[in-house]
Every structure is written in C-alpha cells, then in structure tokens.
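Chains, contacts and geometry: an overview
Residue-level listing of the chains:
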Amino acid sequence: MKQYTYTEKKDTRSGFGVGLLEAGKRNPNVVALCADLVGSLKMDAFIKEFPERFFQIGIAEANMIGIAAGMTIGEKIPFTGTFANFSTGRVYDQIRQSVAYSGKNVKICASHAGLTLGEDGATHQILEDIGMMKMLPGMTVINTCDFNQTKAATIAIAEYDGPVYLRFGRPVIPVFTDPDQKFEIGKAWMVNEGKDVSIFATGHMVWKAIEAGEKLAEMGIDAEIINIHTIKPLDEEAVLRSVAKTGCVVSAEEHNRLGGLGDSIAQLLVKNTPVPQEYIAVDDSFGESGTPDQLMKKYGLDSENIVAAVQRVIARKQKA
Amino acid sequence: MSVDIQKLENVAVQVRRDIVRMVHACQSGHPGGSLGCTDFFVALYFHVLNHKAAFNMDGKGEDLFFLSNGHISPVWYSVLARSGYFETSELATFRKINSRVQGHPATHEHLPGIRIASGSLGQGLSVGIGAALSKKLNLDTSLVFTLHGDGELQEGQIWEAAMFAPHNKVDNLIATIDVNGQQIDGSTERVLSLGNLKAKWEAFGWDVLEMNGNDMQDIIRVLELAKSKAHKGRPIAILMQTNMGHGVDFMMGSHKWHGVAPNDDQLAAALLQLESTLEDY
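Rules used throughout
Residues numbered from 1 in each chain as written. Chains lettered and ligands numbered in written order. Predicted model: local features only at pLDDT ≥ 70, side-chain atom pairs only at ≥ 80, totals over all residues. Heavy atoms only, no water. Helix = DSSP H or I, 4+ residues; strand = E, 2+ residues; numbered from the N terminus. Buried < 20%, exposed > 50% of the residue type's maximum accessible area, 1.4 Å probe, protein only. Contact = heavy atoms within 4.5 Å. Areas by Shrake-Rupley, 256 points an atom, 1.4 Å probe, with all protein chains shown as cover. Core = buried A, V, L, I, M, F, W, Y, C linked by side-chain atoms within 4.5 Å. UniProt positions renumbered as here; feature names shortened; annotations may be inferred. Pairing = 2+ DSSP bridges. Expected span 1.5 Å × (residues − 1). Axes fitted to C-alpha atoms, helices over the stretch in contact; angles between N-to-C directions. Left-handed = near helix turned anticlockwise from the far one by under 90°. Phe/Tyr/Trp six-rings, centres within 6.5 Å; stacked < 30°, edge-to-face > 60°. Parallel < 35°, antiparallel > 145°, perpendicular 65-115°, else oblique. Nonpolar A, V, L, I, M, F, W, Y, C, P; charged D, E, K, R; others polar. Polar contact = N/O pair within 3.5 Å; in protein donor to acceptor, adjacent residues only side chain to side chain. Buried area = accessible area lost by both parts, 1.4 Å probe. Salt bridge = Lys/Arg side-chain N within 4 Å of Asp/Glu carboxyl O.

**Describing the overall build of chain A**
Regarding its fold elements, chain A presents 13 helices and 14 strands. Each principal axis of the C-alpha distribution contributes one length, and for chain A these read about 60 × 40 × 35 Å. Burial analysis of chain A (320 residues in total) assigns 64% to the buried set. If you take every contact in chain A between residues at least 6 apart in sequence, the share linking residues at least 24 apart comes to 80%. With an accessible surface of roughly 11,800 Å², chain A has 50% of that area assigned to carbon and sulfur atoms.

**Topic: unusual backbone geometry**
Residue and element names in this part refer to chain A. P233 follows K232 through a cis peptide bond whose omega is -5°. With respect to the secondary-structure elements, P233 resides in the loop between β12 (230-232) and α10 (236-246). For K42, which is not glycine, the phi torsion reads 60° and is therefore positive. Relative to the helices and strands, K42 resides in the loop between α2 (38-41) and α3 (44-49). Even without being glycine, D284 reaches a positive phi, approximately 45°. By the secondary structure assignment, D284 is in the loop between β14 (277-282) and α12 (292-298).

**Examining the nonpolar core**
Grouped together as the largest cluster of nonpolar side chains are 72 residues, with contacts concentrated most on I129, W201 and W206 of chain B. Counting residues per element, this core draws most heavily on helix α4 (residues 61-71) of chain A, which supplies seven residues. With residues near it in sequence (within four places) discarded, W206 of chain B still touches L125, A161, A162, A165, P166, L173, A175, W201, R234, P235, I236 and A237 of chain B. Of all hydrophobic cores here, the second largest spans 60 residues; its members include V15, L80, F86 and V101 of chain B.

**Digging into the UniProt feature "domain: Transketolase N-terminal" (unreviewed entry) in chain B**
Residues given the UniProt feature "domain: Transketolase N-terminal" (unreviewed entry) here are residues 15-270 of chain B. Secondary structure within residues 15-270 of chain B divides into 38% helix and 13% strand; the distance between the first and last C-alpha atoms comes to 13 Å.

**Looking at the pairing of strand β7 (residues 236-241) of chain B**
All names here are of chain B. Judged by how many residues are buried, β7 sits mostly within the fold: five of six residues are covered. The pairing of strand β3 (residues 173-179) with β7 spans six bridges and is classified as parallel. What sits directly across from I174, in β7, is I236. Alignment of strand β6 (residues 207-212) against β7, held across six bridges, turns out to be parallel. Among the inter-strand pairings, D207 is bridged to a residue of β7, identified as I236.

**Quick look at helix α13 (residues 303-319) of chain A**
Every α-helix carries 3.6 residues per turn, so stepping three or four residues along brings you back to the same face. In this model α13 of chain A runs 25 Å from its N-terminal to its C-terminal C-alpha over 17 residues, within 8% of the 24 Å that 1.5 Å per residue would give. Residues of α13 of chain A that are buried sit in contact with β10 (197-201), α9 (205-218), β13 (249-256) and β14 of chain A.

**Points about the UniProt feature "domain: Transketolase-like pyrimidine-binding" (unreviewed entry) in chain A**
When the UniProt feature table is mapped to this numbering, "domain: Transketolase-like pyrimidine-binding" (unreviewed entry) covers residues 10-175 of chain A. In this annotation, residues 10-175 of chain A is assigned 42% helix and 20% strand; the end-to-end C-alpha distance for the span is 6 Å.

**Here's the deal with the packing of helix α1 (residues 12-26) of chain A against helix α8 (residues 147-159) of chain A**
Residues and elements named next belong to chain A. Closest axis-to-axis distance for the α1/α8 pair is 7 Å, and the angle between their directions is 35°. Remark: the crossing between α1 and α8 carries right-handed chirality. In this structure, α1 contributes T12, S14, G15, F16, V18, G19, L20, E22, A23 and R26 to the contact, and α8 contributes F147, T150, K151, T154, I155, A158 and E159.

**Observations regarding the packing of aromatic side chains**
Summed over the entire model, instances satisfying the criterion amount to 20 aromatic pairs over all chains. For the ring pair Y4 of chain A and F176 of chain A, a centre distance of 6.3 Å and an interplane angle of 90° mean the geometry is edge-to-face. Taken together, the residues span a long stretch of sequence, with Y4 of chain A in the segment before β1 (9-11) and F176 of chain A in the loop between β8 (172-174) and β9 (189-192) at a distance of 172 residues. The same class applies to Y4 of chain A and to F176 of chain A, which are both buried. Consider the rings of Y45 of chain B and Y85 of chain B, whose centres lie 6.2 Å apart with planes at 85°: the pair is edge-to-face. In this pair, Y45 of chain B sits in helix α3 (residues 38-48) while Y85 of chain B sits in the loop between α4 (73-82) and α5 (124-137), placing the two residues 40 residues apart along the sequence. Here Y45 of chain B falls in the buried class, since its relative accessible area comes to 6%.

**A few points about the packing of α4 of chain A against α5 of chain B**
Across the interface, α4 of chain A lies against α5 of chain B with an axial gap of 6 Å and an inter-helix angle of 45°. Here α4 of chain A lies oblique to α5 of chain B, going by the angle between them. Crossing handedness for the pair α4 of chain A and α5 of chain B: right-handed. Residues N63, G66, I67, G70 and M71 of chain A of α4 of chain A lie in contact with α5 of chain B, whose contacting residues are S126, V127, I129, G130, A131, L133, S134 and L137 of chain B. Counted by class, the contact of α4 of chain A with α5 of chain B contains seven nonpolar, six polar and no charged residues.

**A closer look at the sheet that holds β14 of chain A**
The pairing of strands in a sheet comes from backbone hydrogen bonds and takes either a parallel or an antiparallel form. All names here are of chain A. With respect to topology, five strands assemble into an open sheet ordered β9-β11-β10-β13-β14, the strand pairing being mixed. Both edges of this open sheet fall to β9 and β14, since each of them pairs with a single strand only. Strand-to-strand twist across the sheet, computed as the mean angle between neighbouring axes with direction ignored, equals 25°. As judged from the five bridges shared by β10 and strand β11 (residues 223-227), these two strands associate in the parallel manner. Residue pairing in the sheet places I199 in a bridge with I225 of β11.

**A word on the environment of E254 of chain A**
All names here are of chain A. Positionally, E254 belongs in strand β13. For E254, a relative accessible area of 3% corresponds to the buried category. Along the backbone, E254 and G300 are 46 residues apart, and their C-alpha atoms lie at a distance of 9.8 Å. Dropping the residues within four chain positions of it, E254 is found in contact with A113, G114, L115, T116, L127, R167, H204, M205, M296 and L301. Of the polar contacts made by the side chain of E254, one reaches the backbone nitrogen of L115; its length is 2.9 Å.

**Some details on the sheet that holds strand β1 (residues 64-67) of chain B**
All names here are of chain B. In spatial order, the strands read β1-β2-β3-β7-β6; together these five strands make up an open sheet with parallel pairing. The strands lining the two open edges of the sheet, one partner per strand, are β1 and β6. Mean inter-strand twist for the sheet, computed between neighbouring axes without regard to direction, equals 20°.

**Notes on the interface of chain A and chain B**
Of the residues lining the interface, 28 residues belong to chain A; the matching set on chain B comes to 29 residues. When chain A packs against chain B, close to 2,300 Å² is buried across both sides, 53% of that on carbon and sulfur atoms. Contact with chain B buries surface across chain A, with I73, Q97 and Y101 of chain A losing the most and accounting together for 28% of the total. Where chain A touches chain B, the interface holds one salt bridge.

Given below as structure tokens:
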C-alpha cells in the first residue's frame, strides 16, 4: 500500500475559496455570486480582490441561478456559491432550463454536501444532489476529496466551457493530494495500485478508502484504490481497466446509494463486464443531527465499513 | 427616428397570419398570448431594438431581448424570421419533429435570435438581470428587454428578481409585463389575483410605465420613453395592457384560446380578418 501522510487538516470549501481567487486572477471574466453564505463558501478573498466582480444575491437561490445563466451572455464565467442542498434541490428547474438545457457556462459550486455538514441535520444534509445533477444532459459533476484537489478543480472548471456542478464539504479533513496537481476533468486518479479489489471512492470517502486500504494490507488484501473525482463524465476506461484486473468492486460515496457514483459504475459494468459490487453509501434515508464522525459511523460510511464491504465482495467473487 | 406606423401595422398583420397558420399546422401551441403581444414584438424588432443583423450568442454591443413566458413562442419566431434571423419557410416546421422551431424557445437547436430556453415560467427576469449585469461589466451601454406574462407573476422567482434589480441599480433593464388578465384556468382575477401591479412594482423600486399593447403608436411612445429613462439608477417596468387573441375577433379577450389551435374553419375565418401584407411563408 502506497503511503499517504498529511501534516494538516483543512476543509475542502477553503480549497474552493483559494481556487476561486486564483481563477479570478487568471481570467477577468470569472465572476462570483453568493446567496448570503459568503463566509461559509470562503468567498471573502475573491470579494476583497475583485469587489466589482462579486454579486451578493441575498437568500434567493433561484434568482442566483437565473442571473448566472444570463451573465454568460456577455462571456462572463459565473461561479455560484451556496450549500449543496440550496444549489441543487431548491433550484433544480432553474438549473435544468436556464443552465443545462440552455448550455450555459455556469459553475454551480456547492458546499456542505452530505452528512458531514453535521449538526444542522437532515434539512441541510443533501444526499441526492449527485444523482440530480448527473441526470442533466451536458452537466459535468465533480466531487473533490481534499483541499488541494478542490483548489485545482476550481481552477480547472474555469478553463472548461460548459455547465459544471462542483461538490465539496464543510469539515476539516486530511490534506493528502499534491498541492501543485493539475486537475483533469473526467480523468480518474490512481491512489493505489492493487489486484484483489477495486475501491472507487469520491469526495470525503477517498481518505476513508486509504485508511481502509491500510487495514486491508495488514490483512493481506491488496486493494486498488481509485479516486473518481469526476462522476460525470465517468472515466470508463479507468474503471474497466481496474475491474479487468480485480474482478470485484466497492464504490464509496457520501450520498444516497440511489443515483450516485455506485450506480454510475454499476451501469457501466453491467453493460461491459458484470462483477460483484458492494456499495458504501447512505441506504436510502435522510441524515440527522450529530458530529460528522458520529454520522459517518452511524450511516455506514467509515473505513471499517469499507473493509467489511471488501471482504464481502471478495467472498462473492470467489463463489462466482 | 421617424416611425412609419402603417408599415409596422402591416408587419403585425402578417405576423398574426403566421401565428394562426403555425399553430393550425401542428394543431398545438399558444395563439392567444401570441396575438395579444404581436404589436409589441413588431415594434421591438422593427423599430426599438438596436440589434445586429448577424446573430451572436454573446450579444455584445447590441440590445438584447429575452422572452420569459416562452409559450408565446409563435409570435417571437415569426418576428425573428420576418426581421431576418432565419428563413420564414422554417416557420412551417414549428413544433414538428427535427425542427429548430421548438414548442418553447430553445438554444441547443441553435435557432438564431434565441439566447436562453424558456417555458418553465418565472426565470426570464433573473436571466435578463444577469445579461444586464454582464453589459455593465463589459462597459456595454446597450439595453436588455424582457417580456413576462401577468399570470407568470405568480411565480416566486419573479419577486426575487424584482427585489434584486432596484437594490443593485440594474438600470439598463426594461421589463415588460403582458397584462391580459388571463391564464390557463381562467382570469387572473379569479385564479390568483395580482392586485395593484403598478403599486407592487413601484414598491419594489422600479420605474413603472403603462402602455396600450395593442396600439402601435402608444407602444412606440412608451418604449422610447422607457429607453430615455435607462441608465438613471432604476430598472424600468412597463405594464402593457393587451387583449389576448387580439386581431382575431373570436379569439379576443378569452383564456380559452391560451393554448388551443384553430381547426380548418376557424383558421379560414381568422385569415379572412388578417389579409396578407407580406408574403405568407
């Protein structure tokens, strides 16, 4: 197992804030919009540097999406910022018609996704957003795994022409990816090469997959860990190549098991090379209040759950 | 600029012919609001808008128009074709398979003149604000026009946008509301009354004008007045009184023709009232 270490923990949303500032410096057409959550979205640095390119929308997310769509007419590259719940479910029709169907170059940047939002509870913990966004034709869907990757992804999506949903989170987590990485949309990242099982992880689950990989290595299981940061378009080649080697899959995401990364992988495999797959995901339920760690444990999204899923899926492979 | 009102009125008659023929040909679509807003569209595209002959999605350096109540697409398509954005022959494909002339306006078919999809109501004012903000950032002094139905004002997003524009001095935006008093299920008064629209928009901070949307002279006067009020710190709203179905006597003033196509006899009766002034497509 390749060694991953970290010297600090940071929140992915701060990576977004730093990336947004950098994207703004690189391209004067980059503008930012926020629905009364500037501090939570870490937009302060961008606002300080480019006050004329920031638009405070107020608590009116539908209006924010529409304004962003309109701003692309005139070549602006709008980044909208609010919580993932208010970035998707609340404004699905606005995104569908004014952004996706209209093919507008809007970057929908969503913080506080999933259970790890924590104490605010289920009203704010969206677990359906990846599914909703990936169903929109033409929408790119990205869920980043640490500060550095989120920063790099934010810069990369500014350079890409088309609608993007960028999902990140609230808690501080290990910073373990390369600070100077070049983020390639749609290109999976090989975290660890292995031969016994393919673990495809996204977002906060990537570090948990690494923790699981270490435990598995101690048990003599050689896990391949691949970070699928771009859920759509899915890096089909990377998935199929890995599965051809390992013959079984565990998918890991902080999302409902319905409609997320696991389903994208399952759909690809069932068409090409059906193999046993286990899902690490929320089992079709809402969340609740609690600390991020308590919630991830209670809803089965911990490294121990990944280890158990790997054992189950390898047993299924051996039976087949 | 001097205005040839007669010429504009002639175009409007032809556009009304186009509308009833388009809707009849596919036996679907929305003739009522289209006929009611015909004079406004003709005035806008043939006199008021400074628009370039060649279509560019970014619309830099020209006035822009967004149709928020996308269901009145027949009038927009006819006027776009009649003002040179695409061949009038394409109007015959309205709502038919493999057409750029979709039931509701769409961009992915690349029909010149359409810069955003609309149909799901309430979104166009936000889009117009966005385009207007873009113009300000680009130091582009041209204007943004939007059109909305009065029933559409029942959508909450309209009021989010209505609150935003004055607060942010989006004063390069002229939003027109088609006040025909009708919606699918009946009169707006009965379905969900809109109250005093002038007082509402003024209370939100807009500069509010009123016009008769079926009087070409008045439309030109008020749209010119609206343009003269642009860039003065406030967005402009125009409450435009129209008759739904205007120009075809049996369609006028009733919500029944909101989304119903005429049959062969009704088409013939309508066309008798609208003698061709330009060539039929």
